Amino acid sequence: MSEKELADKADQELPEEQQKSQKVLPDGGTKAWVTVLGVWFVLFASFGYVYSFGVYQDYYTRFYLSNHSASKISWIGSLQLMLPFLFGLVSGKLFDAGYFHALQLVGGVILIVSLFGLSLAKPQKYNQVLLGQGIGIGVGIGIVFVPSLSVLSHYFRRRKAWATGVAMTGVSVGAIVFPISANLLPSIGFAKTVRATGYVVIGMLVMGNLLMRSSPPLNPGGKPKVDIKSIFTDPSYLFGVAGAFLSLFGFYFPLIYIQLYAEEHGIDKNLAFYSIAIMNACGIPGRLTANYFADIYGSWNIFILATILTSASIFSIFGVHNSGSLIVVSIFYGWFSGAWLSLCVAALASSARHPHEVGSDFRVRTGLGLAIGSFATLGSAPIQGHLLGSTFIWSRPIVFSGVSVAFFNSLKI
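Starting from 1, residues in each chain are numbered consecutively following that chain's sequence as written. Residue-level local features of this predicted model are given only where pLDDT is at least 70; pairs of side-chain atoms are given and counted only at 80 or more, and the full residue set underlies all totals for whole chains, interfaces and linings. Side-chain descriptors were evaluated using all non-hydrogen atoms of the structure, hydrogens and water having been removed beforehand.

Remarks on the pattern of salt bridges
Pairing between side chains of opposite charge can happen when the charged atoms of each approach one another.
Point 1. Note on definitions: salt bridges are taken to be side-chain nitrogens of Lys or Arg within 4 Å of carboxyl oxygens of Asp or Glu. Scanning the model with the defined rule gives 2 salt bridges in all.
Point 2. One salt bridge in this structure joins D58 and R62, with 2.8 Å as the shortest N-O distance. Taken together, the residues span about one helical turn, with D58 and R62 both in helix α5 (residues 53-64) at a distance of 4 residues.
Point 3. The classification of residues rests on relative accessible area computed with a 1.4 Å probe and restricted to protein chains. Under 20% of the type maximum is buried, over 50% is exposed, and intermediate values are partly exposed. Residue R62 is classed as partly exposed on the basis of its relative accessible area of 29%.
Point 4. The shortest N-O distance in the salt bridge between E263 and R62 comes to 2.9 Å. Of this pair, E263 sits in helix α15 (residues 253-264) while R62 sits in helix α5, and the two are 201 residues apart along the sequence.
Point 5. Each member of the salt-bridge network shares a partner with another, and the members are D58, R62 and E263. Here a strand is any run of E in DSSP of at least two residues, a helix any run of H or I of at least four, and the numbering for each starts at the N terminus.

A look at unusual backbone geometry
For residues besides glycine, phi is generally negative; the peptide bonds are generally trans as well.
Point 1. Unlike most non-glycine residues, Q124 shows phi in positive territory, near 70 degrees.
Point 2. Note on placement: Q124 falls in the loop between α8 (100-118) and α9 (126-150).
Point 3. Here Q124 falls in the partly exposed class, since its relative accessible area comes to 25%.
Point 4. Here F392, not a glycine, exhibits a phi torsion of approximately 55 degrees, which is positive.
Point 5. Note that F392 resides in the loop between α19 (362-388) and α20 (395-412).
Point 6. Judged by its relative accessible area of 25%, F392 is partly exposed.

What about the packing of aromatic side chains?
Point 1. Here a Phe, Tyr or Trp ring, Trp counted by its six-membered ring, pairs with any other such ring whose centre lies within 6.5 Å, and the pair is stacked when the planes are under 30 degrees apart, edge-to-face when over 60, and tilted otherwise. One pass over the full model with this rule turns up 34 aromatic pairs.
Point 2. Ring geometry for F116 and Y199: centres 5.3 Å apart, planes at 65 degrees, overall edge-to-face. Placement of the pair is F116 in helix α8 and Y199 in helix α12 (residues 190-211), with a sequence separation of 83 residues.
Point 3. Owing to a relative accessible area of 21%, F116 belongs among the partly exposed residues under this scheme.
Point 4. Following the ring pairs from residue to residue traces out a cluster consisting of W40, F41, F44, Y49, F53, Y56, Y59, Y60, F63, Y64, F178 and F190.
Point 5. Taking the ring centre of Y126 as reference, the NZ or CZ of K72 above it sits at 4.7 Å. Sitting over a ring, as applied to charges here, requires NZ of Lys or CZ of Arg to be within 6 Å of the ring centre and within 35 degrees of the ring normal.

Here it is, written out as structure tokens:
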């Protein structure tokens, strides 16, 4: 069921007075799109930073934490990816209770303090880096992420998938800027580079919070109580969540390891450095086109197609032997992985049996799905690092990751 069909069905099932209040949602307008811009800035500063971890993985493995294995180092990035989704259950509930701006303030402060704390971490001090980057940044983003996207439901109904896709491009742009900023690491050192990115994060969070405005719809109490039991007895939803869970064990492999792979295979170091930025740049049109077609053909239909192509892009890493092939694979993976991530939330939400189960966005079906998937993101990079080993046997993690993503379709189709 598409986002528009779900919204229409919800309107028809509401009493007449409730229908009038729902139609107050503007589905556009200046205030709505200014809020989208604010969300864009917050996602730039938060998840955009998380998606730059591939640069840090390479730098830590070869220099800053070289006394530690690639598998152990990858736990830092895995925690950054897990905690925002896991904390979504808590922050989503607090958002529904009306604490949107308080969550933005608390989460932003934790994120900024953790970043500047990370800049003080010493070489080979694994626990210091883990605390600042893995746990601190992960928790800070976990507090702001779900409320930032959820506030769009105060302004959009039938065009919510499109508005979400536009806002999510902030992740891609941030994930271009921050990896390129990491080019300062060899020249000015770790501490100054991290602090420089920290100042960018401060500016983006301030602008985002100045632009975002919470505007809850009228009479929200008219929504029926969600039956949690029905969610856990819905085969379609459960198979979808199980498939997404398995996919996440392999999904982030290129984003974390492609730079290290390229340098180990003798590809130009400058190009290898920018491969992550290329991936994230291609995620912008991937997110926009996927969400556009999801509103027309249904989220799950487009999601399944994006999963097949994302799996194929991971296997295509076997063909990376020179600069040209690295660019092609980076574009291929970046485009369809961006589509996959953007569709994940819309697909989980559209599986609701009753339209009002998605009223709190991530907190019910979506929130549960993301929280369950967070445990896969926690274990994915360390498993891939263990398969890679100290001798860098790349075939093992590539096959594992590609097959893991492909498993989604075996469960959902």
